[in-house]
Amino acid sequence: MSEQIINHPEINPPSSLASLRKLDTTDGRGLFTSNGENFNNAIFGRDSLIASCELLGWEARIAHKVILTLAALQGTKNRSLSDEEPGRIHHENREFKTWETSSVNKSVARAVFGLWGGNFEKATTYFSIDATPRFILLIADYAKDHPDILNEKVRRADGQEITVEQSMVDAADWITSHIAKSGLVEVGRHNPTGLIHQTWKDSPTGYIHENGDMANVTKPIAYLNIQTIAADSLSAAAGLVSEDRQNEAMSWQTASKSIADSTIKKFWMEDKKFFAAAIDKDNNGHDRQLRTLQSDAGWMLNSDIFDHLPTAERNKYVSAIVKELFSGDFLTDAGIRSRALQYADTLNVADYHGSLVSWPIDTYMIAQGLRKQGLPKLAKQLESRILNTVNMSGDNYEFYYVQPDGKVLLDLEAAKNKRPTSKDLPTQMNPESGIAWTVAATFMIKLHNGQKPVNTEATINSEWADQLESGILADIKDVTPIKTIAELTRDYPEQPDVYLDIKKGNSKTVKKIGPAILKQYLRNL
C-alpha cells in the first residue's frame, strides 16, 4: 500500500477539531473569527453566524452562545460613524488589548476604527447587511430543537433587557425598513469611510462591472445574496413569533414573497442564462444590472427562493446556475472561483474576490445548496476539492489562489518569497490562516465522510437531477479525497512557481479604482 499522506514529512493536514477548540471563545461569546494575525480574538457577526450554523448539527452550544452574544450587541441607535441602526446586527467587535498582533497593526487599526466610532480600547461596527437576516436564520435553525431560546433574555448596550424573540423581531423590522420601491432590499452607507460593500464579498473590487468599473456605491445597492437570505429570514421569523404578533408575521410573509419574486425577475439575465450579482444605479439613478458573472448565484441553491415556482421554471434556474458553476469559467482544483475566469484580465490583479481566488466557504455553501437541490454527487465533488486543498496546504486558509488552468497554489508561505524563476502574481493581500468558517466547513466534511450516508437530499424531480448530474460529471475531472502519496503525485504533480506580489497588486488596484473611490467618497460627504 502506498505511504499515507498523514505520514508524509512535508504534508501536515491541519486538525479541524484542534482549530475549532482554539476558536471557541473562553468567555462564552461563541466563536472568534480566526486563529490568524488579523482576526484573532475578534467577534464578527457574519462569520460567527455562518460558522456556528455549519456546526449546529455537531455542537449546538456554539450557536446558542452566538445568538445571545449578537443579540446583546444588536444596534439600538442611529450612529452614522459605525452604521449602527436599531435592530441591525453588528459586523465587527474588537477589543484591542486581547488582539494578538504587532503594535504597528494595533496602531493602524485604532486610527481606522477612530473613523468608525471606536476608541483606544475597543470598537463595534455595523458594516454588514447580511448579518441581520443570517441572525434570524440561525435562531430559526436552533429553535427547531431548542424552542425555549426565544424566551431567553439578553441585556443590550443601552441597558434594556429583551427576549431573543424581541431581538429577532427587531432584526426583521430592520430588514423590512430597507425594502425599496423596487421590491428589493437596498442598503446604503452612512459613513463614507466605512466598508464599501457590506456583504461577505466586502472588498472594494468585490463588485465590478464587465468593463472593470466599480459598482456605484453612492446610492443603495441591491445585492443578490442579500435578497435570498432576506426572503428566507422573513419567512422564518413569521413562523416563530408568538400568537400576539400574527399581524407582523403576515406582513413579513408578504414581504418575503415580494422580495423573492422581484429577485428572480430583476436579477435574471436571459442572454447569459445566469443571475446578476447586484443591481446598482447609473448616473441618472436608474437600476442597472451588474452583469459580471460571479459565484453569488450559487448561494441561491441553498435558499428557498425557487421553492414556490412551477417545476419547469425551478429546474430552468437551478440547471443554469449549476451548469455555469461547473464550467471551465468557474470550476478549479480548489472549488469555485469568486468571479468567472473570463474577467481575469479586467483588473490585472488577483483581487480578494476575483477570478484567481477560490474561497472554501463559498464552495461549501454552494455544495450545501447542491444537496438541497438533490445533487449530492456534485456536492461531493466540491467538498473533496475543499478537503484536499486544506489538507495539502496545511492550514484552513480564508481563500486560495487558483491559476487560469484551475491548479491551486498550495504552498502559500513559499509564494511569499520571490525566486529567480517565479512568476509575479499581483495580489491585494495574503489570506488569513485558521479562519473559522473554513475550519467549520472542513470539520463537517470530515465528519460526514466518516459517517454512513443519510439520504437527506430532495426527492422531487429525481430524473431531472440524475440527468443534470450525469451530464456534468462526464465533463469534469473526478476528484476524491487524497489519502496516499501516489494520489498526491498524480493529482498535484508540481506546484505553480508563483510569487505573490502584494505591493504591485495594491498599486494596480489603486491606479484602477482609486479615482472612482475618491469620487464616490466625495459624493457621499
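Residues numbered from 1 in each chain as written. Predicted model: local features only at pLDDT ≥ 70, side-chain atom pairs only at ≥ 80, totals over all residues. Heavy atoms only, no water.

Engineer: What's the story with the packing of helix H5 (residues 131-143) against helix H7 (residues 224-238) in this structure? I'm lost.
Structural biologist: Each pair of packed helices can be described by the angle between their axes along with the distance between the axes. Remark: H5 packs on H7, axes separated minimally by 8 Å, with the N-to-C direction vectors making an angle of 45°. As the angle between them shows, H5 and H7 are arranged oblique. At the point where H5 passes H7, the crossing takes the left-handed sense. Residues Pro133, Arg134, Ile136, Leu137 and Ala140 of H5 touch H7, and the partners they reach there are Ile229, Ala230, Asp232, Ser233, Ala236 and Ala237. Taken together, the residues of the contact of H5 with H7 break down into eight nonpolar, one polar and two charged. (Axes fitted to C-alpha atoms, helices over the stretch in contact; angles between N-to-C directions. Helix = DSSP H or I, 4+ residues; strand = E, 2+ residues; numbered from the N terminus. Parallel < 35°, antiparallel > 145°, perpendicular 65-115°, else oblique. Left-handed = near helix turned anticlockwise from the far one by under 90°. Contact = heavy atoms within 4.5 Å. Nonpolar A, V, L, I, M, F, W, Y, C, P; charged D, E, K, R; others polar.)

Engineer: Where do I start with the sheet that holds strand E9 (residues 278-281) in this structure?
Structural biologist: Strand pairing in a sheet takes place through backbone hydrogen bonds and is either antiparallel or parallel in direction. Taken in spatial order, the three strands line up as E6-E9-E10 in an open sheet, and their pairing is antiparallel. On the outer flanks of this sheet lie strand E6 (222-223) and strand E10 (287-290), each paired with one strand and no other. Note: E6 against E9, two bridges, orientation antiparallel. By the bridge assignment for E9, Ala222 is matched with Ile279. (Pairing = 2+ DSSP bridges.)

Engineer: What is the right way to read unusual backbone geometry from this model?
Structural biologist: In most cases, non-glycine residues show a negative phi, while peptide bonds are predominantly trans. Not every positive phi belongs to a glycine, and Asp83 is a case in point at roughly 65°. Residue placement: Asp83 occurs in the loop between helix H3 (60-73) and strand E2 (92-95). Positive phi, normally seen in glycine, also occurs at Lys273, with a value near 55°. Its location among the elements puts Lys273 in the loop between strand E7 (268-269) and strand E8 (274-275). With a relative accessible area of 41%, Lys273 lands in the partly exposed category. (Buried < 20%, exposed > 50% of the residue type's maximum accessible area, 1.4 Å probe, protein only.)

Engineer: Hey, could you run me through the packing of aromatic side chains in this one?
Structural biologist: Working definition: an aromatic ring pair is given by the centre-to-centre distance plus the angle between the planes. Counted by the stated rule, this structure contains 22 aromatic pairs. Between Phe113 and Trp116, the aromatic rings sit 5.3 Å apart at their centres with planes inclined by 85°, giving edge-to-face as the arrangement. For the residue pair Phe113 and Trp116, the accessibility class agrees, reading buried in each case. Each ring, one from Phe275 and one from Tyr317, has its centre 5.4 Å from the other, and the planes form 50°; the classification is tilted. With Phe275 in strand E8 and Tyr317 in helix H9 (residues 311-325), this pair connects stretches of sequence that are 42 residues apart. For the pair Phe275 and Tyr317, a shared accessibility class is recorded, and that class is buried. Counting every residue linked through ring pairs, the aromatic cluster contains Trp200, Trp299, Tyr352, Trp359, Phe399, Tyr401 and Trp437. The positively charged end of Arg94 is found above the aromatic ring belonging to Trp99, 4.2 Å away from the centroid. (Phe/Tyr/Trp six-rings, centres within 6.5 Å; stacked < 30°, edge-to-face > 60°. Lys NZ or Arg CZ within 6 Å of the ring centre and 35° of its normal.)

Engineer: Sorry, what's going on with the layout of surface pockets here?
Structural biologist: Empty space among the atoms becomes visible once a probe the size of a water molecule is rolled across them. In this structure, the second largest pocket encloses a volume near 1100 Å³. Around the second largest pocket sit 38 residues that line it, and Phe39, Glu92, Trp116, Leu195 and Met429 are the ones nearest its centre. Residue contributions to the lining of the second largest pocket peak at six residues, all from helix H4 (residues 103-115). (1 Å grid on protein atoms, 1.4 Å probe; cavity = no way out; pocket = protein on both sides within 12 Å on 5 of 7 lines; lining within 4 Å. Points joined across faces, edges and corners; volume = space filled by probe spheres on them.)

Engineer: Whenever I open this one, the packing of H9 against helix H13 (residues 462-473) confuses me. Can you help?
Structural biologist: At a minimum axis distance of 11 Å, the contact between H9 and H13 shows a crossing angle of 15°. In terms of their interaxial angle, H9 and H13 are classed as roughly parallel. The crossing of H9 and H13 is right-handed. Contact residues: H9 offers Arg314, Asn315, Val318, Ser319, Val322 and Lys323, while H13 offers Trp464, Leu468 and Ile472. For the contact of H9 with H13, the per-class residue count stands at five nonpolar, two polar and two charged.

Engineer: What am I meant to see in the nonpolar core here?
Structural biologist: Within soluble globular proteins, side chains that are nonpolar tend to cluster in buried spots. Among the nonpolar cores identified, the biggest contains 149 residues, and Phe275, Phe306, Val322 and Leu370 are the most heavily contacted of them. Those residues in contact with Phe275 that lie beyond four places of it in its chain are Leu224, Thr263, Ile264, Phe267, Trp268, Met269, Ala297, Met300, Phe306, Tyr317 and Ile321. Grouped together as the second largest cluster of nonpolar side chains are eight residues, Phe96, Phe113, Trp116 and Leu195 included. (Core = buried A, V, L, I, M, F, W, Y, C linked by side-chain atoms within 4.5 Å.)

Engineer: Hey, could you run me through the sheet that holds strand E3 (residues 122-125) in this one?
Structural biologist: Strand order in the open sheet formed by three strands is E1-E2-E3, with antiparallel pairing between adjacent strands. This sheet does not close on itself; its edge strands, each paired only once, are strand E1 (42-44) and E3. Along the sheet, successive strands turn relative to each other by an average axial angle of 5°, direction set aside. One ladder, built from three bridges, connects E1 with E2; its direction is antiparallel. Looking at the pairing, Ala42 lines up with Arg94 of E2.

Engineer: Help me understand the pairing of E2, please; the structure alone is not making it clear to me.
Structural biologist: Along a regular strand, successive side chains alternate from one face of the sheet to the other. In this structure, E2 lies alongside E3, joined through four bridges in antiparallel fashion. Each bridged residue has a counterpart across the sheet, and for Glu95 the counterpart in E3 is Lys122.

Engineer: How do you make sense of the side chain of Ser422 when you look at a structure like this?
Structural biologist: In this fold, Ser422 is placed in the loop between strand E12 (400-401) and strand E13 (423-426). From its side chain, Ser422 meets the backbone oxygen of Arg419 in a polar contact 2.8 Å long. With residues near it in sequence (within four places) discarded, Ser422 still touches Asp497, Val498 and Tyr499. (Polar contact = N/O pair within 3.5 Å; in protein donor to acceptor, adjacent residues only side chain to side chain.)

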